[in-house]
Amino acid sequence: MKSRWTVEDLSFEMDDDQSSDPIATLVIQAPGVVLMVMAEFSIDRSQGFMKLSKTHIHGATANGVGFANLKTIAQAVLEGMDLDEIIIEGGIRTTGACPGHIPCPFRFTRQIRPDPDA
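**Student:** An account of the overall build of the protein is needed here, citing residue identities and associated values.
**Tutor:** The helix and strand inventory of the protein stands at 1 helix and 6 strands. In the protein, the succession of helices and strands from N to C terminus is β-β-β-β-α-β-β. What you see for the protein is a C-alpha radius of gyration of 15 Å, in line with the 13 Å of a compact globule of 118 residues. Counting only C-alpha atoms, the protein reaches 50 × 40 × 30 Å along its principal axes.

What follows is the structure in structure tokens.
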């Protein structure tokens with residue numbers, strides 16, 4: 001069973017050596033795994049919106065992260081960048097399920113976390 005991460009479990013860093021305009025690479029450190037997210041990132045701060053296009057994620061086994069942890073990663077990015085929404089569009093699959101297929105996009109919105117001091 002996969003462990004459920006918290007926002008506090010995660011750290012992020014841009015990898016300039018693995019980035020080349022228009023593709024940027026974000027390295028995510030999580031418990032027991034290092035993920036590399038390569039995508040075309042576009043941000044509209046006035047709308048509180050970020051879109052990742054042609055996204056590829058490397059560093060975990062198939063189904064090794066799970067949707068709940070992907071949602072936690074999205075929440076950490078939304079909070080850290082003070083955004084309200086992220087849409088992630090996958091790139092064309094080169095391996096795994098249905099090579100040549102483009103997966104459906106994921107949409108994540110910022111969740112209000114309860115204040116532990118309230």
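**Student:** Before we move on, can you summarise the packing of aromatic side chains with the specific residues and values?
**Tutor:** Taken as a whole and judged by the stated rule, the model has 3 aromatic pairs. On the basis of an interplanar angle of 40° and a centroid distance of 5.7 Å, the ring pair of phenylalanine 67 and phenylalanine 106 is categorised as tilted. With a gap of 39 residues between them, phenylalanine 67 in helix α1 (residues 67-81) and phenylalanine 106 in strand β6 (residues 106-109) connect regions that are remote in the sequence. By relative accessible area, phenylalanine 67 is classed as partly exposed at 46%. Pairwise contacts between aromatic rings join Phe67, Phe106 and Phe108 into one cluster.

Each value, and the rule that gives it
- Residues numbered from 1 in each chain as written.
- Predicted model: local features only at pLDDT ≥ 70, side-chain atom pairs only at ≥ 80, totals over all residues.
- Heavy atoms only, no water.
- Helix = DSSP H or I, 4+ residues; strand = E, 2+ residues; numbered from the N terminus.
- Rg over C-alpha atoms; globule rule 2.2 N^0.38 Å.
- Phe/Tyr/Trp six-rings, centres within 6.5 Å; stacked < 30°, edge-to-face > 60°.
- Buried < 20%, exposed > 50% of the residue type's maximum accessible area, 1.4 Å probe, protein only.

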